[in-house]
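What follows is each chain in one-letter form.
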Amino acid sequence: MTPIDLTKLKVLPLAQRSSQARLADILIDPESTPEPCPELIMAQIQHCARQIKRAEQEGAAVMLIYGAHLIKNGAADILIRLMKKGWITHLATNGAGVIHDWEFAFAGVSTESVKDNVATGTFGSWEETGRNIHLAILAGALEGSGFGRSMGQFISEDGTTLPSSESLEAAIAAAPANVLAPARADLLQAMRAHQLAAGRHEVKHPWKSSSVLAQSFQLKVPLTVHPGIGYDIIANHPMFNGAAIGRAADVDFRLFGAAVEQLDGGVVLSVGSAIMGPQVFEKSLSCVNNLRLQTGREVVRDHTFYVVDLQDGGRWDWSKGEPPKDNPAYYLRFCKSYSRMGGAMHYLQCDNAVFVHHLLRELEKIK
């Protein structure tokens, strides 16, 4: 079998897409009144706020691991407020979380009809989205930056500056075994294959004040991205480069581990991340515990999880531990994985944006 040739994909201007979400319509004002929650859920949110305050006092990590719908549901300004107040010390999302954030920052719109556009071969095949996200991570890799930092810097600075092909060639020839040599080679190849000129590439982001990526970069709050190869629409573009995506994600996985290292007495908020969050977290925690035990240190402990999703949790009381394998709830990855991670796990059936909005309110009430 011969692999398909993605360089022959026809891509269209983003302006031609029928986008289903406008940032101006969905963005939630942090000062507005949150939608009501059941009393039991509110009690759990209040408990969560107290745990975050305790973690803040002890200098422990507070990690927010979120799915793309938190951005699509308009919670960006709430997350930014939580960062500015110092109540979130690390954010992590998947590839889709980046794509919606970038499209909103660039165009003020995002989201398309998957069903309609797959049928016409246009799903995900948008020139600016694929080109600029690749451009950001290719350029960021020259500084050793991961996915999240590269994107945050690209949005904040309205583009990037590329070196000349000649300087890249010279750097590769002079130090072919240098840790940056593969990144230099990927950028050089992309510049030649896709007519990327040396010098300044200006890409305006009129809505960057509501970009979680941009604001995390400016506030120096780490935001890591954990994509899958072929998971995201940036694969539907002639510039698709799995090596560049993987390199950026590699850096971010290590940075995620640095946050887990600070998690003793800390808090993990898993909000709408059914697969990425629990899968990345369990591997990272194992790595951190492995390194700690080699030096005679205790494993990560006294941490608390708050897992938020719309599903009913399999109608299982997760405070009792995980269900048996013949119970369908056993196969809810976002509950099962966190219940195995050594800390206290609380499950909240709640809309993700409503949860973070109430959480912000409760944190603001605590002196």
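Use the structure listed above.
Remember, it's a predicted structure, so these values are computed and weren't measured experimentally.

Within the chain, Thr111 stands out as a residue other than glycine whose phi angle is a positive 80 degrees. For Thr111, a relative accessible area of 13% translates into the label buried.

What follows deals with the pairing of strand β2 (residues 62-66). β2 sits mainly inside the fold: five of its five residues count as buried. Side chains Val62, Leu64 and Tyr66 of β2 all project onto a buried face; the interleaved residues Met63 and Ile65 project onto the opposite face, where all are buried too. In this structure, β2 lies alongside strand β8 (residues 267-271), joined through five bridges in parallel fashion. Residue pairing in the sheet places Tyr66 in a bridge with Val271 of β8. As paired elements, β2 and strand β3 (residues 90-93) share four bridges and run parallel to each other. Note on β3: the bridge partner recorded for Ile65 is Ala92.

What follows is about the nonpolar core. The tendency in soluble globular proteins is for nonpolar side chains to be buried as a group. Ranked by internal contacts, the top residues of the largest apolar core, which has 80 residues, are Ile52, Leu91, Phe147, Val212, Leu269, Phe355 and Leu359. Leaving out residues up to four positions away in the same chain, Leu359 has contacts with Ile45, Cys48, Ala49, Ile52 and Leu269. Counting 26 residues, the second-largest nonpolar core is a separate cluster that includes Leu285, Val288, Val307 and Leu332.

In this section: helix α15 (residues 352-365). Over its 14 residues, α15 extends 20 Å from the first C-alpha to the last, a length consistent with the 20 Å expected when each residue adds 1.5 Å. A large share of α15 lies buried, amounting to 12 of its 14 residues. Buried within α15 are the following residues: Asn352, Ala353, Val354, Phe355, Val356, His357, His358, Leu359, Leu360, Arg361, Glu362 and Leu363. Those residues of α15 that are buried are in contact with α2 (39-58), α3 (69-72), α4 (76-84), β8, β9 (304-309) and β10 (344-349).

Quick look at the packing of helix α5 (residues 95-107) against helix α7 (residues 127-141) now. Close contact between α5 and α7 brings their axes to 11 Å; oriented N to C, the two are set at 110 degrees. Considering their axes alone, α5 and α7 lie roughly perpendicular with respect to each other. Here Val98, Ile99, Trp102, Glu103 and Phe106 of α5 come into contact with α7, specifically with Glu128, Thr129, Asn132 and Ile133. Grouping the amino acids of the contact of α5 with α7 by side-chain chemistry returns five nonpolar, two polar and two charged.

Moving on to the sheet that holds strand β7 (residues 223-225). Spatially, the six strands line up as an open sheet ordered β7-β3-β2-β8-β9-β10, and their pairing is parallel. Among the strands making up the open sheet, the edge pair consists of β7 and β10. Sheet twist, expressed as the average angle between the axes of neighbouring strands with direction ignored, equals 15 degrees. Where β8 lies against β9, five bridges are found, and the strand directions are parallel. The partner of Ser270 across the bridge, within β9, is Val307. Across the sheet, α15 touches β8, β9 and β10, and the angle it forms with β8 is around 145 degrees.

Before going further, it helps to examine the packing of aromatic side chains. How two aromatic rings sit relative to each other is set out by the distance from centre to centre and by the angle between their planes. Summed over all chains, the structure comprises seven aromatic pairs. Between Trp102 and Phe106, the ring centres sit 4.6 Å apart and the planes meet at 15 degrees, which makes this aromatic pair stacked. Taken together, the residues Trp102 and Phe106, both in helix α5 and four residues apart, mark about one turn of the helix. Ring plane angle 80 degrees and centroid distance 4.9 Å describe the contact between Tyr330 and Tyr331, whose orientation is recorded as edge-to-face. Put simply, the rings of Phe256, Phe281, Phe305 and Tyr338 touch in pairs and so form one group of aromatic residues.

Definitions and limits used
Residues numbered from 1 in each chain as written. Predicted model: local features only at pLDDT ≥ 70, side-chain atom pairs only at ≥ 80, totals over all residues. Heavy atoms only, no water. Buried < 20%, exposed > 50% of the residue type's maximum accessible area, 1.4 Å probe, protein only. Helix = DSSP H or I, 4+ residues; strand = E, 2+ residues; numbered from the N terminus. Pairing = 2+ DSSP bridges. Core = buried A, V, L, I, M, F, W, Y, C linked by side-chain atoms within 4.5 Å. Contact = heavy atoms within 4.5 Å. Expected span 1.5 Å × (residues − 1). Axes fitted to C-alpha atoms, helices over the stretch in contact; angles between N-to-C directions. Parallel < 35°, antiparallel > 145°, perpendicular 65-115°, else oblique. Nonpolar A, V, L, I, M, F, W, Y, C, P; charged D, E, K, R; others polar. Phe/Tyr/Trp six-rings, centres within 6.5 Å; stacked < 30°, edge-to-face > 60°.

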